[in-house]
Amino acid sequence: MTTPNPYVPDPNASPMMPAQQSPYQQQGGVPAQGVPQPDMQQNWPAQPVAQGYPQGGYVSSGYGPVAPVKPRKSFKAAGILFGVGLLLALSPFIAGAIIELIPGNHGDGGDGMYWLAVAMIFYILPIGLILIVAAIITAIVIAAMNSSTQG
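Residues numbered from 1 in each chain as written. Predicted model: local features only at pLDDT ≥ 70, side-chain atom pairs only at ≥ 80, totals over all residues. Heavy atoms only, no water.

(A) Broad picture of the overall build of the protein chain. What the protein chain contains, in helices and strands, is 4 helices and 2 strands. The linear arrangement of helices and strands in the protein chain, starting from the amino end, is α-β-β-α-α-α. Every one of the 151 residues in the protein chain was classed for burial, and the buried ones make up 13%. Contacts in the protein chain between residues far apart in sequence, at least 24 positions, make up 61% of those at least 6 positions apart. By element, 66% of the accessible surface of the protein chain is carried by carbon and sulfur atoms, the whole surface being about 12,000 Å². (Helix = DSSP H or I, 4+ residues; strand = E, 2+ residues; numbered from the N terminus. Buried < 20%, exposed > 50% of the residue type's maximum accessible area, 1.4 Å probe, protein only. Contact = heavy atoms within 4.5 Å. Areas by Shrake-Rupley, 256 points an atom, 1.4 Å probe, with all protein chains shown as cover.)

Shown next, in the form of structure tokens:
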């Protein structure tokens, strides 16, 4: 059996548990080999906190209590809103370009497909523009929330 180092704290000891009697106090005589004597912890040097090593989820200046790091908000929602809004805003023009690729008369004298692009301008383009504005507002709110957590 190896003799434990008296300068290393007991890993099984808990600060929440009440102090137990050492084998020295229980036997009333000589302590068992390798068992630290009572009040030996007072002579132990202070164990430094692992400075210089990042501790996940916590920010520390080296001394004092560590403060938990608040997770930063993602711009994913704003990006999705912007992408869908841009797709809807451009869809009338994409539809008009596709109609031009189809041979034939698409005006009033033909099949009238040009009116599809006009209807899309009135019904789909405004929804796309509203989503783009909502994405910009969402991005501004997320940026403000992220800057306030750095505080």
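(B) How the structure looks around helix 2 (residues 76-101). In this model, helix 2 (26 residues) spans 35 Å end to end at C-alpha, consistent with the 38 Å of a helix rising 1.5 Å per residue. Where helix 2 bends most, at S91, the angle is about 45°, and the proline P92 comes one to four residues later. For helix 2, every residue scored as buried is listed here: A78, G85, A89, S91, P92, A95 and I99. (Expected span 1.5 Å × (residues − 1). Bend = angle between axes of the 7 residues up to and from the residue.)

(C) Spatial organisation of the packing of helix 2 against helix 3 (residues 114-123). Packing of helix 2 against helix 3 brings their axes to within 8 Å, and their N-to-C directions diverge by 175°. In terms of orientation, helix 2 and helix 3 fall into the roughly antiparallel class. Facing S91, P92, A95, G96, I99 and E100 of helix 2, the residues of helix 3 in contact are Y114, L116, A117, M120 and I121. Here the contact of helix 2 with helix 3 is built from residues that sort into 8 nonpolar, 2 polar and 1 charged. (Axes fitted to C-alpha atoms, helices over the stretch in contact; angles between N-to-C directions. Parallel < 35°, antiparallel > 145°, perpendicular 65-115°, else oblique. Nonpolar A, V, L, I, M, F, W, Y, C, P; charged D, E, K, R; others polar.)

(D) The arrangement of a nonpolar patch on the surface in detail. A contiguous nonpolar surface patch, about 690 Å² in accessible area, is contributed by F82, L86, L90, F93, I94, I98, I102 and I121. Residue class for I98 comes out partly exposed when judged on its relative accessible area of 48%. (Patch = residues over 30% accessible without salt bridge, like charges linked within 9 Å, V, L, I, M, F, W, Y side chains within 5 Å. Salt bridge = Lys/Arg side-chain N within 4 Å of Asp/Glu carboxyl O.)

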